[in-house]
Amino acid sequence: MIGLISATAAGAAARDRLAAAWPDRTRVYDGPVKDAVRSAFAECEQLVCFLATGAVVRLIAPLLGGKATDPGVVCVDEGGRFAVSLVGGHGGGANELAVEVGELLAAQPVVTTATDAVGLPGLDTLGFPVEGSVAAVSRALLDGEPVALHAESAWPLPPLPLAEEGAFAVRLTDRAVEPAGNEVLLRPPSLVVGVGASKDAPVDEVLGLVEAALRDAGLSPRSIAELATVDAKAGEPGIVAAAARLGVPLVTYSAGELAGVRVPNPSDAPLAAVGTPSVAEAAALARGGELLVPKRKSERGDGRPAMATCAVVRRPARGRLAVVGLGPGARDLLTPRARAELRRAAVLVGLDQYVDQIRDLLRPGTRILESGLGAEEERARTAVAEARAGQAVALIGSGDAGVYAMASPALAEASDDIDVIGVPGVTAALAAGAILGAPLGHDHVSISLSDLHTPWEVIERRVRAAAEADIVVTFYNPRSRGRDWQLPKALAILAGHREPTTPVGVVRNASRPDESSRLTTLGALDPAWVDMMTVVTVGNTATRNIAGRMVTPRGYRWQGSTQEEAK
C-alpha cells in the first residue's frame, strides 16, 4: 500500500489525482502531517509526501530503521514539477515509484542512486536474494574496477560489466556458503523441494525436515524456488504453512503426473494413499533437474512414525528470450514494456538499423549482436542459442515483432527449454491508420506483396479473397526496385470489386522524421509513389474521404444512406 500525505490545497489536488488513478494501491492519510507520516510509515510499503524534502527528512528521521525495512519515500514539490526518490530507492522501490508518479503528474522524476544514475542495475534489484558487501561491490562497479562473476550455474542476469577476475566478485550460488569480504552472493531460485505428509502433520515437523535436508546437503534455503507435492495434499495445513513460512509458492501435481516420473525410491505406501508410488521425489523431479537429496523422512524423537518426507532437486536455469516490437520508429511509440525488456537484456540481437534506433536505451555491458538485411533466420537462431546458454536475450523487430517480423522465425526455432516473452509494438498499419484517419474502423487485413517467402499465386489468391469479401486491405512490402509489378496487379484485382473512387491511403515512414502521406483513390493511385518504406491502405465499399481523412465506418449504414439518396 502507498500512503499519501499532503499539507496544502495544491498538494491535496495532486494527491487526489494519484488516489483516483491508483484506488487499490493507495491510502490517503488526513490530519496533522506529523501524525499522518508516522502512521503511514508504520503501515505502508511506500509513501508519497506532497511536502518539501526538508520537511519530510525531519519528519521521517526518527522513524528510520534500516534500508532493508524502511518504506520507499517519494516527495512531490508544491508546484508538482518534481518527484524525488528520497528514501528506499532500491529496497523500498522509491526509484520506480518516482518514475510512476512523474508519469501520472507530468513531473520530472529525480533519482540520485548512483547505479541508477549511470544506467547500472543495482545488485539488490536483480530479483535474487542478496548477501554480502553490496555497497563495496557496487562502488567497485561504479569506479570501473574489475568485478569478477563466479556463476556456479548459468542464470539469465541483466547486463553487468563483470570480468573473469577481479579483487571484487559477484558469486551466483545456491550453496550454503558465507560471502568473502569483497563479495556479493546472489541466490538463484534453483532448488525445488518435494514434500509429502501424513494427514495433520505439524508444520514444525515439515519445516524442520526441509531445513535439515538443506543444511545436511550444504544448500541455502534462500534458493528454494517452490515446494511441490501431490494434488491430494494441496490443502494439508502443515505443508501450506511451511511454504508460507519459507515465502515460496506451493505447486501441486496430479497423482497421474507423479506416477509417470521415474524416481529412485518408489514406495507402496503413497501408492495406496494417494495413487502414486512417490510424492516427494516425483514432485521435486516433475519438471526435471538433478536430485540432490533423495527422499528422507522426518525424525520425531518420541519414536512415533514419521509424518513428513522431502526430496531436493536442483532445477537447471531457463534462459529468457524477449521478442520485442520497437514500433514504427518514433521514440514515443516505443512501449514502456519494450523499454524495460531492452534494459533487462544482457544480449541484444537485431537488424543493425533497428539497433541504432535504441542503442542509447541499453544498459552498459549489453552485448550487441547485429546483422544486415536478409539474415532473419540467422538472427532468430542466434537469439535462441543465447537464451539456451542461460542468457537474458532481447530479439528486436520493427512494429510488432509478431507481424511480418522476428517472432515467427524465433518461435519456430525455440523449444520449451527456454522462456519466451512476447512484447507487442505499434504496427506500421496502425501507425499509418492513425495518420490517415480511421481506415481500419471495420474488418481489415494485412497482406505482404513480397514474393520472396510466399509464392505469388498464394498472395494473389489472398488479395482476391479480400476483394470479394469487401475487406479493407493494408499492403506491406508493396513495391521495390526489383518487384515493381506486384502492386499494380493487386490494385487491379481490387478494382474489379470496388469503385475507382474508393479511398486509398499512402503513408511512407510513418511516425519518423521524414514521414509523408497522401489520401488518393483507387483509380488515381500512382504506384511510383510507393516503395518498401510505404504502406498502402485500400478502403472497402463503405470507406469515405471526410474532411481530408480516410474513414471506414463500423457498419454499412453510410453506404445504405448514400444509395437511398442516389434514388
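Structure first, text after, so check above.
It should be emphasised that the depicted structure is a prediction, and the values quoted were computed from it without experimental measurement.

Student: For this particular structure, what's the right way to read the sheet that holds strand β18 (residues 367-371)?
Tutor: Within a beta sheet, neighbouring strands are joined by backbone hydrogen bonds and run either parallel or antiparallel to one another. An order of β18-β17-β19-β16-β20 is seen for the five strands of this open sheet, with the pairing classed as parallel. Edge positions in the sheet fall to β18 and β20 (419-423), since each has one partner strand and no second. Put simply, the sheet's adjacent strands are angled 15 degrees from each other on average, direction ignored. As defined by bridge partners, strand β16 (residues 320-325) adjoins strand β19 (residues 392-397) across six bridges and the pair is classed as parallel. In the strand pairing of β19, Leu321 is matched with Val393. Helix α12 (residues 336-344) contacts β16, β17 (347-351), β19 and β20 of the sheet and is inclined by roughly 140 degrees relative to β16.

Student: Explanation requested: the pattern of salt bridges in the structure shown.
Tutor: Once their charged atoms are close, side chains differing in charge can pair, the charge on each being opposite to the other. Inspection of every chain in the model, using the stated rule, returns 27 salt bridges. Here Arg38 makes a salt bridge to Asp35, at a shortest N to O gap of 3.2 Å. With Arg38 and Asp35 both in helix α2 (residues 33-43), this residue pair falls three residues apart, about one helical turn. We classify Arg38 as partly exposed; its relative accessible area is 39%.

Student: In this structure, what is going on with the packing of aromatic side chains? I would like to understand it.
Tutor: How two aromatic rings sit relative to each other is given by the distance of their centres and the angle of their planes. Tallied over the entire structure, the rule returns two aromatic pairs. With a centroid separation of 4.8 Å and an interplanar angle of 50 degrees, the aromatic rings of Tyr404 and Tyr476 are classed as tilted. With Tyr404 in the loop between β19 and α15 (407-413) and Tyr476 in strand β23 (residues 472-476), this residue pair connects regions lying 72 residues apart in the sequence. Exposure remark for Tyr476: the relative accessible area of 9% places this residue in the buried category. When the ring of Trp456 is compared with that of Trp485, the centres are 5.0 Å apart and the planes differ by 70 degrees; the resulting orientation is edge-to-face. Remark: Trp485 occurs in the loop between β23 and α18 (486-495) and Trp456 occurs in helix α17 (residues 456-468); sequence separation between them is 29 residues. Residue classification places Trp456 among the buried residues on the basis of a relative accessible area of 10%. Just above the ring of Trp22 sits the side chain of Arg25; from NZ or CZ to the centre is 4.3 Å. In this arrangement the basic side chain of Arg518 is found over the ring face of Trp529, its NZ or CZ atom lying 3.9 Å from the centre.

Student: Help me understand the side chain of Arg15, please; the structure alone is not making it clear to me.
Tutor: Structurally, the position occupied by Arg15 is in helix α1 (residues 9-21). Since its relative accessible area comes to 11%, Arg15 is described here as buried. A distance of 3.1 Å separates a polar atom in the side chain of Arg15 from a polar atom in the side chain of Ser6. Those residues within four positions of Arg15 in sequence are excluded, and the remaining contacts are Leu4, Ser6, Val28, Asp30 and Phe50.

Student: What exactly am I supposed to notice about the nonpolar core here?
Tutor: Nonpolar side chains in soluble globular proteins generally cluster together in the buried interior. Within the largest apolar cluster, 24 residues are counted, with the highest numbers of intra-cluster contacts made by Val193, Val210, Leu214, Cys310 and Val312. For this core, the elements supplying multiple residues, two or more each, are β11 (191-197), α7 (203-217), β12 (224-230), α8 (237-246) and β15 (308-314). The element best represented in this core is α7, accounting for seven residues. When sequence neighbours within four positions are dropped, the list of residues in contact with Val210 reads Val193, Val195, Ile224, Leu246 and Cys310. Counting residues in hydrophobic clusters, the runner-up holds 21 residues, among them Ile459, Ala467, Val504 and Leu525.

Student: Got a minute to help me understand helix α16 (residues 428-436) in this structure?
Tutor: The periodicity of an α-helix, 3.6 residues per turn, causes residues three or four places apart in sequence to face the same way. All buried positions along α16 are accounted for by Ala429, Ala431, Ala432, Gly433 and Leu436. Downstream of α16 by a residue or two, Gly437 has a phi angle that is positive, lying close to 140 degrees.

Student: Would you mind going over the state of the cysteines with me for this structure?
Tutor: As used in these notes, a disulfide is a covalent bond between sulfur atoms, one from each of two cysteines. Throughout the structure, instances matching the rule amount to zero disulfides. Note on Cys49: no disulfide assigned, nearest cysteine sulfur contributed by Cys75 at a separation of 5.5 Å.

Rules and cut-offs
- Residues numbered from 1 in each chain as written.
- Predicted model: local features only at pLDDT ≥ 70, side-chain atom pairs only at ≥ 80, totals over all residues.
- Heavy atoms only, no water.
- Pairing = 2+ DSSP bridges.
- Helix = DSSP H or I, 4+ residues; strand = E, 2+ residues; numbered from the N terminus.
- Axes fitted to C-alpha atoms, helices over the stretch in contact; angles between N-to-C directions.
- Contact = heavy atoms within 4.5 Å.
- Salt bridge = Lys/Arg side-chain N within 4 Å of Asp/Glu carboxyl O.
- Buried < 20%, exposed > 50% of the residue type's maximum accessible area, 1.4 Å probe, protein only.
- Phe/Tyr/Trp six-rings, centres within 6.5 Å; stacked < 30°, edge-to-face > 60°.
- Lys NZ or Arg CZ within 6 Å of the ring centre and 35° of its normal.
- Polar contact = N/O pair within 3.5 Å; in protein donor to acceptor, adjacent residues only side chain to side chain.
- Core = buried A, V, L, I, M, F, W, Y, C linked by side-chain atoms within 4.5 Å.
- Disulfide = S-S within 2.5 Å.

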